[in-house]
Amino acid sequence: MSNSAGGRSAFPSDFVWGAATASYQVEGAIREDGRGPSIWDTFAATPGKIADGETGEVADDHYHRYADDIRLLADLGLKAYRFSVAWPRVVPAGSGAANQAGLDFYRRIAETCLANGVTPYATLYHWDLPQPLEDAGGWLVRDTAERFRDYAAITQDALSDVVSHWMTLNEPWCSAFLGYGNGEHAPGRVEGADALKAVHHLLLGHGLAVQAIKTPSNTVGIALNPAPVYAASSSDADRDAQRRVDGLRNRMFLDPLLLGKYPADVLEDTGTAEWFSRFDADLPLISAPLDFMGVNYYCPSTVAAPADGEFAAPGEPTTQPGSEKVVAVDTGLDTTQMGWGIDPNGLRDILVQINTMAPELPLYVTENGAAYPDEVTVDGTIEDAERQSYFEKHLATAAEVVADGVPLKGYFAWTLLDNFEWSWGYTRRFGLVHVDYKTQQRTVKNSGLWLKEFLAR
Ligand code: PNW
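Remember, it's a predicted structure, so these values are computed and weren't measured experimentally.

Parameters at a glance
Residues numbered from 1 in each chain as written. Predicted model: local features only at pLDDT ≥ 70, side-chain atom pairs only at ≥ 80, totals over all residues. Heavy atoms only, no water. Core = buried A, V, L, I, M, F, W, Y, C linked by side-chain atoms within 4.5 Å. Buried < 20%, exposed > 50% of the residue type's maximum accessible area, 1.4 Å probe, protein only. Helix = DSSP H or I, 4+ residues; strand = E, 2+ residues; numbered from the N terminus. Pairing = 2+ DSSP bridges. Contact = heavy atoms within 4.5 Å. Axes fitted to C-alpha atoms, helices over the stretch in contact; angles between N-to-C directions. Phe/Tyr/Trp six-rings, centres within 6.5 Å; stacked < 30°, edge-to-face > 60°. Lys NZ or Arg CZ within 6 Å of the ring centre and 35° of its normal. Salt bridge = Lys/Arg side-chain N within 4 Å of Asp/Glu carboxyl O. Polar contact = N/O pair within 3.5 Å; in protein donor to acceptor, adjacent residues only side chain to side chain. Near = heavy atom within 4 Å. Areas by Shrake-Rupley, 256 points an atom, 1.4 Å probe, with all protein chains shown as cover. Nonpolar A, V, L, I, M, F, W, Y, C, P; charged D, E, K, R; others polar.

**Observations regarding the nonpolar core**
Item 1. Ranked by size, the top nonpolar core spans 117 residues in total, and within it Trp40, Tyr125 and Met293 carry the most contacts.
Item 2. A total of nine residues in this core trace back to one element, the largest contributor, which is helix H9 (residues 195–213).
Item 3. Counting residues in each nonpolar core, the second largest holds 19 residues, with Ile342, Tyr372, Trp414 and Phe430 among its members.

Spelled out as structure tokens, the structure:
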């Protein structure tokens, strides 16, 4: 059995090693160079939504420090940078005129990557929807998908000479079910089963964007956050809970993308079959071939049926419309500071689940990482042995998955820098590099130094 002790030699020599960030989490400079407002500006300005009332107004000031940050990434031995393009920088009103200054910023990022021997991987949507589009209905309306295609085409046209790897969406599950289901993320709406309309419009936006930006010389994919869902017992009721949550979390995205159809059982559970039947004509577009799929993996989940056997509790804020009362079961795993269970076997299980559906499709782990409070030691080094251990275990599993013949082509750590962790504000740190938010000083954590050594080994 291979393990991480051999360092990167357990992986093929062309395996892609990178780190990821997202625009609103790191950039700051929210009013600079013509950027328009996004739903995250609005949400963060709403009292009670973000820990400590924080916002992404400054974040890591990556807008100004990107060159140093990319050099830091390269110095760790990483060869790929996954960043996201902020739609409100490129098309500030969401539709209509493009903003050259916004495009110029992403050109600087890509050129700085290339000058440092780093391949840029751009994600077109990591959740910062232009506010005017939300005011017009957001992802609950079809027009947003078409505006996304227009913005994607503008961005690809402007950057095609420096960026050849694209992801359309990051984690549409979060956009739909945290944004329109339980309201934990922007735009903070609680819309019950209507969150499934957001799923369809997001996937339609993906399909339209692929059609608009695919060229013979680029690769285009999508980054999902699928996760294995286990049943707490083999009882019929717990298996039914497993089927429902796997349906909402995984099959609702994987089936249309890879098989060209929505899962009938999910549409039935949620009472949306008639609504979805109107969109059969969109499915060929949504299932157009991908060059790769990105998998963001943090933890699995184990679920049980509600004691009274009644799954639905309509009207509650939920990420599980129609199955609101499914119970999340604690299986005794060690957890990170997010409360997320640590289970590298879950990474294997989800990669195998997708590989079974699409045996030839290249896969990338486009995010994987852990939040822990960093311990700053006297001599200025940042002790984070638990984060290092998380990476070691998941990389050992990734190596086994590759050895088993799954076409896993790369791994991006989440994340390069501590950053704005959405509704958690700055209270959760996932970085390989520590950020002092008072001084913006960067310090490579011991986990980052370990990764550097792993990559050099
Ligand atoms: C992902 N959940 O978010 C995002 O892509 C990153 O921007 C984020 O910083 C990272 O994971 C860590 O949270 C998620 O509730 C947020 O299951 C929430 C969930 C999953 C992923």
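**Topic: the sheet that holds strand E9 (residues 327–328)**
Item 1. What the three strands build is an open sheet, ordered E6-E8-E9; its pairing is mixed. Unpaired on one side and paired on the other, strand E6 (229–231) and E9 mark the two borders of the sheet.
Item 2. Pairing analysis gives three bridges linking E6 to strand E8 (residues 301–304), with the strands arranged parallel. Residue pairing in the sheet places Ala231 in a bridge with Val303 of E8.
Item 3. The strands touched by helix H10 (residues 236–259) within the sheet are E6 and E8, with E6 carrying the most contacts at an inclination of about 170°.

**Details of the packing of aromatic side chains**
Item 1. Under the defined criterion, the tally for this structure stands at 40 aromatic pairs.
Item 2. Residues Tyr24 and Trp40 carry aromatic rings whose centres are separated by 6.2 Å and whose planes lie at 35° to one another, so their mutual orientation is tilted. Taken together, the residues Tyr24 in helix H1 (residues 23–26) and Trp40 in helix H2 (residues 39–44) connect sequence positions 16 residues apart. Taken as a pair, Tyr24 and Trp40 share a single burial class, namely buried.
Item 3. Relative to Phe148, the ring of Trp87 lies with its centre 5.5 Å away and its plane at 55°, an arrangement referred to as tilted. Placement of the pair is Trp87 in helix H4 (residues 87–90) and Phe148 in helix H7 (residues 142–159), with a sequence separation of 61 residues.
Item 4. Residue classification places Trp87 among the buried positions, given a relative accessible area of 0%.
Item 5. Members of the aromatic cluster, joined through ring pairs, are Tyr24, Trp40, Phe43, Trp127, Phe420, Trp422, Tyr426 and Tyr437.
Item 6. Positioned above the aromatic ring of Phe311 is the side chain of Arg244, whose terminal nitrogen or guanidinium carbon lies 4.0 Å from the ring centre.

**Focus: the pairing of strand E14 (residues 433–436)**
Item 1. As defined by bridge partners, E14 adjoins strand E15 (residues 441–444) across four bridges and the pair is classed as antiparallel. For Val435, the partnering residue across the bridge sits in E15 and is Arg442.
Item 2. Linking E14 back to E15 in an antiparallel pair, the connection comprises four residues, with Gln440 at a positive phi of about 65°.

**Let's talk about the pattern of salt bridges**
Item 1. By the definition in use, this model includes 34 salt bridges.
Item 2. Its salt-bridge partner being Arg142, residue Glu146 comes within 4.0 Å of it at the nearest N-O pair. Placement of the pair is Glu146 and Arg142 together in helix H7, with a separation of four residues, close to one helical turn.
Item 3. Asp246 is paired through a salt bridge with Arg251; the nearest N and O atoms lie 2.9 Å apart.

**Quick word on the environment of Asn296**
Item 1. By the secondary structure assignment, Asn296 is in strand E7 (residues 292–296).
Item 2. Taking the C-alpha atoms as reference points, Asn296 and Asn116, separated by 180 residues in sequence, lie 25 Å from one another.
Item 3. For Asn296, the contacting residues outside a window of four places in its chain are Arg82, Asn170, Glu171, Ala223, Leu224, Asn225, Pro226, Thr366 and Glu367.
Item 4. One polar contact links Asn296 to Thr366, side chain to side chain, over a distance of 2.6 Å.
Item 5. One polar contact links the side chain of Asn296 to the main-chain amide nitrogen of Glu367, over a distance of 3.2 Å.

**Comments concerning the sheet that holds strand E3 (residues 119–125)**
Item 1. Pairing is parallel around the closed barrel formed by eight strands, whose spatial order is E1-E2-E3-E4-E5-E7-E10-E13. Strand-to-strand twist across the sheet, computed as the mean angle between neighbouring axes with direction ignored, equals 25°.
Item 2. Sheet topology places E3 next to strand E4 (residues 165–170); four bridges connect them, and they run parallel. Across the sheet, residue Ala122 finds its bridge partner in E4, namely Trp166.
Item 3. Each of strand E1 (16–20) and strand E13 (408–414) touches helix H15 (residues 385–403); the most contacted strand, E13, lies at about 170° to it.

**Description of the site of the ligand**
Item 1. Inspection of the region around the ligand gives 17 residues, with Gln25, His126, Glu367, Glu421 and Trp422 positioned closest.
Item 2. Side-chain polar atom of Glu171 to an oxygen atom of the ligand: 3.2 Å apart, as the coordinates give it.
Item 3. The separation between an oxygen atom of the ligand and a polar side-chain atom of Tyr298 is 3.3 Å.
Item 4. The fraction of the free accessible surface of the ligand (460 Å²) that becomes covered by protein chains is 90%.
Item 5. Counting residues per element, the shell around the ligand draws most heavily on helix H8 (residues 172–178), at three residues.
Item 6. Among the residues forming the shell around the ligand, the class breakdown is nine nonpolar, four polar and four charged.

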